Amino acid sequence: MKKGKKLYEGKAKILYAAPEKGTAIQHFKDNATAFNNQKKTIIEGKGILNNRISEHILSNLNQIGIETHLIKRINMREQLIKIVEIIPVEFIVRNIATGSLTKRLGIEDGTVLDKPLIEFCYKNDELNDPLIAKEHITAFKWAEENEINWIKDQCLRINDFMQGMFKGIGIKLVDFKLEFGRLNQGEVRRIILADEISPDTCRLWDASSEKKLDKDRFRKDLGNLLEAYQEVARRLNILHEETNIKPVEFGKLRSIKNRK
Ligand code: UDP
């Protein structure tokens, strides 16, 4: 598919115009960033894994009637998506308290929440994505009250689905971030799920050892980030030899394949 001009470049992804109106090509980079870009590096192959994992999760969500921006994956690093106008709010869904929540409120790390907690952050790097209330979202007209309620329902449905999906492969879904956008196709105006869902945007712990299988490996200098993302993809049964990342991982891939 012919890539048009660059529409936007973020920390981990680039958007290019696609031939069909209203669509774009979302390209996953290998950049890893944390603490609002203060810590950064390149992890070769991360973009390939996130492209594949996000495609898997979003297409599963599409199948259960949760509309997302994903049209299809087109190659190792790219997917075709519907262009939306992103609502500048990060919807954070938490099942277990960790990260900024525990720091902010002094809650013990690993506290299991009785029911999912949804938090809102204003998507603004200069301000460090500050935590906001629902009232800020309506006051500044980022979304209307009924839209926020609808998005919260979607967040809970997505959480239910993903919790089950990860539980089945021995992974605890600790928390994750979602972004939604407005689809404006003439008369049709809907809010749909956008961005990505990957180990960059979720916290995933091995169910028995609680080993971190997500971007905290980078944030906390735990090492082996690529191996952790591959482990998630392997358990989801979507790690193909086509994910040509590093010779050393190729050896592992072959041995995994031979075991089948
Ligand atoms: N998250 C994200 N992008 C952000 C902020 C958070 O994808 O800009 C994800 C993060 O990976 C985690 C969840 O949202 O799965 C909750 O993150 P938290 O608020 O604890 O932030 P952190 O501790 O990373 O600052």
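Refer to the preceding data block for the structure.
Here goes a summary of the coordinates provided. Throughout, a residue's number is its position along its own chain's written sequence, starting from 1. Per-residue local features of the predicted model are confined to residues with pLDDT of at least 70, and side-chain atom pairs are confined, for both listing and counting, to 80 or more; whole-chain, interface and lining totals are unaffected and use all residues. Hydrogens are left out, water is left out, and the side-chain values use all remaining heavy atoms of the structure.

1. With respect to the overall build of the protein chain
Next up, step 1: From N to C terminus, the protein chain includes seven helices and 14 strands.
Next up, step 2: Between the two quantities, the radius of gyration covers C-alpha atoms and the globule rule is 2.2 Å times the number of residues to the power 0.38. For 260 residues, the compact-globule formula gives about 18 Å, and the C-alpha radius of gyration of the protein chain, at 18 Å, lands near that figure.
Next up, step 3: Counting only C-alpha atoms, the protein chain reaches 55 × 50 × 35 Å along its principal axes.
Next up, step 4: Per-residue burial for the protein chain yields a buried fraction of 50% across its 260 residues.
Next up, step 5: Element-wise, carbon and sulfur atoms account for 49% of the exposed surface of the protein chain, whose accessible area totals about 13200 Å².
Next up, step 6: The charge count treats Lys and Arg as positive and Asp and Glu as negative. His and the chain ends do not count. We put the charge of a Lys on NZ, of an Arg on CZ, of an Asp on CG and of a Glu on CD. The average position of the 46 basic charges and that of the 38 acidic charges among the side chains of the protein chain differ by 4 Å. Only DSSP runs of H or I reaching four residues or more are called helices, and only runs of E reaching two or more are called strands; each is numbered from the N terminus. With a 1.4 Å probe rolled over the protein chains alone, any residue whose accessible area is under 20% of its type maximum counts as buried; one over 50% counts as exposed, and the rest are partly exposed. Values of accessible area rely on a 1.4 Å probe in the Shrake-Rupley scheme; residue burial ignores everything except the protein chains shown.

2. Let's talk about the sheet that holds strand S7 (residues 78–82)
Next up, step 1: The five strands lie next to each other as S1-S2-S3-S7-S6, forming an open sheet whose pairing is antiparallel. Each edge of the open sheet is held by one strand with a lone partner, namely strand S1 (6–9) and strand S6 (70–73). Here the strands of the sheet are splayed against their neighbours by 25 degrees on average, with no regard to which way each runs.
Next up, step 2: Two strands pair if DSSP finds at least two bridges between them. Of the strand pairs in this sheet, S1 and strand S2 (residues 13–17) are connected by three bridges, and their pairing is antiparallel. Bridge pairing in S2 links Tyr8 to Leu15.
Next up, step 3: Sitting on the sheet, helix H1 (residues 46–63) touches strand S3 (23–28), S6 and S7, and the angle it makes with S6 is about 135 degrees. Only the stretch in contact is used when fitting a helix axis, every axis being a line fitted to C-alpha atoms; angles between N-to-C directions are given from 0 to 180 degrees. Residue contacts are counted whenever heavy atoms from the two residues lie within 4.5 Å of one another.

3. Focus on the packing of aromatic side chains
Next up, step 1: Stacked, edge-to-face and tilted are the three classes for Phe, Tyr and Trp ring pairs, Trp counted by its six-membered ring, which pair at centre distances within 6.5 Å; planes under 30 degrees apart are stacked, over 60 edge-to-face, the rest tilted. Inspection of the entire model under this criterion finds four aromatic pairs.
Next up, step 2: Here Phe91 and Phe120 contribute two aromatic rings whose centre-to-centre distance is 5.7 Å and whose plane-to-plane angle is 90 degrees, an arrangement assigned as edge-to-face. Of this pair, Phe91 sits in strand S9 (residues 89–97) while Phe120 sits in strand S10 (residues 111–122), and the two are 29 residues apart along the sequence. Here Phe91 and Phe120 have matching classes, each one buried.
Next up, step 3: Ring centres of Phe140 and Trp142 lie 5.4 Å apart, and the angle between their planes is 45 degrees; on these two criteria the pair is classed as tilted.
Next up, step 4: The exposure class of Phe140 is exposed, given its relative accessible area of 52%.
Next up, step 5: Residue Trp142 is classed as buried on the basis of its relative accessible area of 18%.
Next up, step 6: Ring-pair connections join several aromatic residues into one group, and the members of that group are Phe91, Phe120 and Phe180.
Next up, step 7: As a reminder, the over-ring test applies to NZ of lysine and CZ of arginine, requiring each to be within 6 Å of the ring centre and within 35 degrees of the ring normal. One cation-aromatic arrangement involves Lys39 over Phe218; the distance from NZ or CZ to the ring centre is 5.1 Å.

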